[in-house]
Amino acid sequence: MSDFFKDIPEIRFAGPDSDSEFAYRHYDPDETVLGKRLEDQLRFAVAYWHSFAWEGGDPFGGATFERPWFGNGMAQAKLKADTAFEMFRILGQPYFCFHDADVRPEGESFAENTRALREITDHFQKKMEETGTRLLWGTANLFSHRRYMAGAATNPDPDVYAFAAATVKSCIDATHQLGGENYVLWGGREGYETLLNTDMGRERQQAGRFLCQAVEYARKIGFEGTILIEPKPQEPTKHQYDYDVATVYGFLKDFGLEREVKVNIEQGHAILAGHSFEHEIALARELGIFGSIDMNRNDYQSGWDTDQFPSSVPEVALAYYEILKAGGFTTGGTNFDAKLRRQSLDPEDLILAHAGAMDVCAAGFKAAARMWEDGRLEAAREARYAGWDTPQAKAMLDGDLEAIAARVEAEGIAPAPRSGRQERLENLVNRYL
Ligand code: GLO
Ligand code: MG
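Rules behind the numbers
- Residues numbered from 1 in each chain as written.
- Chains lettered and ligands numbered in written order.
- Predicted model: local features only at pLDDT ≥ 70, side-chain atom pairs only at ≥ 80, totals over all residues.
- Heavy atoms only, no water.
- UniProt positions renumbered as here; feature names shortened; annotations may be inferred.
- Near = heavy atom within 4 Å.
- Polar contact = N/O pair within 3.5 Å; in protein donor to acceptor, adjacent residues only side chain to side chain.
- Helix = DSSP H or I, 4+ residues; strand = E, 2+ residues; numbered from the N terminus.
- Nonpolar A, V, L, I, M, F, W, Y, C, P; charged D, E, K, R; others polar.
- Salt bridge = Lys/Arg side-chain N within 4 Å of Asp/Glu carboxyl O.
- Buried < 20%, exposed > 50% of the residue type's maximum accessible area, 1.4 Å probe, protein only.
- Pairing = 2+ DSSP bridges.
- Axes fitted to C-alpha atoms, helices over the stretch in contact; angles between N-to-C directions.
- Parallel < 35°, antiparallel > 145°, perpendicular 65-115°, else oblique.
- Contact = heavy atoms within 4.5 Å.
- Core = buried A, V, L, I, M, F, W, Y, C linked by side-chain atoms within 4.5 Å.
- Phe/Tyr/Trp six-rings, centres within 6.5 Å; stacked < 30°, edge-to-face > 60°.
- Lys NZ or Arg CZ within 6 Å of the ring centre and 35° of its normal.
- 1 Å grid on protein atoms, 1.4 Å probe; cavity = no way out; pocket = protein on both sides within 12 Å on 5 of 7 lines; lining within 4 Å.
- Points joined across faces, edges and corners; volume = space filled by probe spheres on them.

- Per an unreviewed UniProt entry, the protein goes by Xylose isomerase and derives from Limimaricola pyoseonensis.
- Of the protein, the UniProt comment under Subcellular location (unreviewed entry) reads exactly: "Cytoplasm".

If you want it as structure tokens, here you go:
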């Protein structure tokens, strides 16, 4: 038991008119939306690294937070875990996610790291059994330690590949032991700084083999969760190989993994890649690789991956709309890969950042559900393509250019431009918010 959050009450649903800071106005986990409990629709998760491991540093200054669990020992790691589970209880958070390096002390060798990870995994397992909290996904941190400065799977040094592969094995083991519903790979250092020292073709092959080996191992031990790649265009490397959803799909096809691996899409990463969040979700859905989301936005001016908690209902509504079109989450969920601003020092800040984000997501999801149930947006979209339902239009796609040209001439086809009605559709969307 940790007393870090000692004076903070449990956050519970109190309705939209509540004036309390420590209450949900929109998130009632038991409310039925589109035939399911809201908790089961949204599947919220806390990201262990930002909330419990990050110390508040930025490129210009070090730690700003003082937490009783900071330090590199097993006692601190357990205090950290107990505090984290205390936060999950206060918030009613059903899931969490972690990297190995967030949860265990950093050892001198692979063997020490693995021993420490096993000990903390057993500790988690007990806490999960006691509280009912579940693991949305586990992952390996293959980017913070200096050994990974030139990549993990894509490193020019085969010993680094070996260390990274062994680490992934240990993290898949931990995820499997804890009943994790997904396993994530984000290629933080899988990219390059300059082509002058980089063999891009070779590095891409290494990344492909690495992913195949991870998938093979996970299936061999009976892990049934989804394996997810998290695209990001740059930062920390200048150019990352998993740039965006389209790039990841090409990569998966190349290595025959497009039916084995899906994507974990992060809002901030989509923006960095020059896309909207909903674009990336919609594309993944159409390609059959939509898995899960990291719900954290960037600052729109700074151009950095600032990992802020979501605060805009209209933005998240459009994202959830695309997820509803995909049939909702299956093994995926809404992970808050978000951190406090470094001046937000208080335990209350950590709780209320999550509570506010959960409320924003609940309000956005319910707006998306209204849009979906009402069906007018989809009807307008279908009407726009209705011409394609005619037998002539369908036959055209199976025919050849000569037949098409003959028909255009014979029927005197002269297309009449029609309005795309964007503003009217935007007006319609605003009525659900
Ligand atoms: C960083 C990423 C990172 C991943 C995590 C999961 O930009 O968002 O936090 O989500 O490593 O693999
Ligand atoms: Mg992320």
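### Overview of the site of ligand 1
Here's step 1: Taken together, 14 residues lie around ligand 1, and H99, E230, K232, E266 and D337 are the ones closest in.
Here's step 2: At 3.4 Å, a side-chain N or O of T139 approaches an oxygen atom of ligand 1.
Here's step 3: D337 places a polar side-chain atom, nitrogen or oxygen, 2.7 Å from an oxygen atom of ligand 1.
Here's step 4: Within the residue set of the shell around ligand 1, elements represented by two or more residues are β7 (134-139) and β8 (182-186).
Here's step 5: In terms of residue class, the shell around ligand 1 is made up of five nonpolar, three polar and six charged.

### Concerning the pattern of salt bridges
Here's step 1: Counted by the stated rule, this structure contains 25 salt bridges.
Here's step 2: Between E10 and R12 there is a salt bridge, and its shortest N-O distance comes to 2.3 Å.
Here's step 3: Owing to a relative accessible area of 36%, E10 belongs among the partly exposed residues under this scheme.
Here's step 4: A relative accessible area of 41% places R12 in the partly exposed class.
Here's step 5: The salt bridge involving E119 is made with K78; its shortest N-O contact spans 2.9 Å. You can see E119 sitting in helix α5 (residues 110-131) and its partner K78 sitting in helix α3 (residues 74-91), a full 41 residues away along the chain.
Here's step 6: The exposure class of E119 is partly exposed, given its relative accessible area of 38%.

### Focus on the sheet that holds β8
Here's step 1: The eight strands are arranged β5-β6-β7-β8-β10-β12-β13-β14 in a closed barrel whose pairing can be described as parallel. With strand direction ignored, the average angle separating the axes of adjacent strands in the sheet is 30°.
Here's step 2: As judged from the three bridges shared by strand β5 (residues 44-47) and strand β14 (residues 334-336), these two strands associate in the parallel manner. From the neighbouring strand, F44 faces β14, where its bridge partner is T334.

### Quick notes on the packing of helix α7 (residues 200-220) against helix α8 (residues 245-254)
Here's step 1: Look at α7 against α8: their axes get within 10 Å of each other, and the N-to-C directions meet at 75°. In terms of orientation, α7 and α8 fall into the roughly perpendicular class. Residues R204, A207, G208 and L211 of α7 form the contact with α8, whose participating residues are G250, F251, L252 and D254.
Here's step 2: Among the residues making up the contact of α7 with α8, the classes are represented as four nonpolar, two polar and two charged.

### Notes on the nonpolar core
Here's step 1: Membership of the largest hydrophobic core comes to 117 residues, with the highest contact counts inside it found for Y48, F124 and Y320.
Here's step 2: Looking at this core element by element, the count peaks at 15 residues for helix α12 (residues 347-374).
Here's step 3: When residues no more than four places from it in sequence are discounted, the contact partners of Y48 are A53, A77, K80, A81, A84, F96, C97, F98, D102, V103 and F124.

### So, the packing of aromatic side chains
Here's step 1: Within this structure, the stated rule accounts for 28 aromatic pairs.
Here's step 2: Here F96 and F98 contribute two aromatic rings whose centre-to-centre distance is 5.9 Å and whose plane-to-plane angle is 20°, an arrangement assigned as stacked.
Here's step 3: The class for F96 is buried, based on a relative accessible area of 0%.
Here's step 4: When the ring of F290 is compared with that of F329, the centres are 6.1 Å apart and the planes differ by 25°; the resulting orientation is stacked. Remark: F329 occurs in the loop between α11 (313-325) and β14 and F290 occurs in strand β13 (residues 290-294); sequence separation between them is 39 residues. Of the two residues, F290 and F329, both sit in the buried class.
Here's step 5: Looking at R67, its charged tip hangs above the ring of F65, at a distance of 4.5 Å from the centre.
Here's step 6: For the cation-ring pair, K339 lies above W54, with the distance from its terminal atom to the ring centre recorded as 4.9 Å.

### Considerations on empty space enclosed by the protein
Here's step 1: Scanning the entire structure with this criterion turns up three cavities of 30 Å³ or more.
Here's step 2: In this model, the largest cavity occupies a volume close to 240 Å³.
Here's step 3: For the lining of the largest cavity, the secondary-structure elements that each account for two or more residues are β8 and α7.
Here's step 4: A per-element tally of the lining of the largest cavity places β8 first, with four residues.
Here's step 5: Of the residues contributing to the lining of the largest cavity, the split by class is 16 nonpolar, three polar and three charged.

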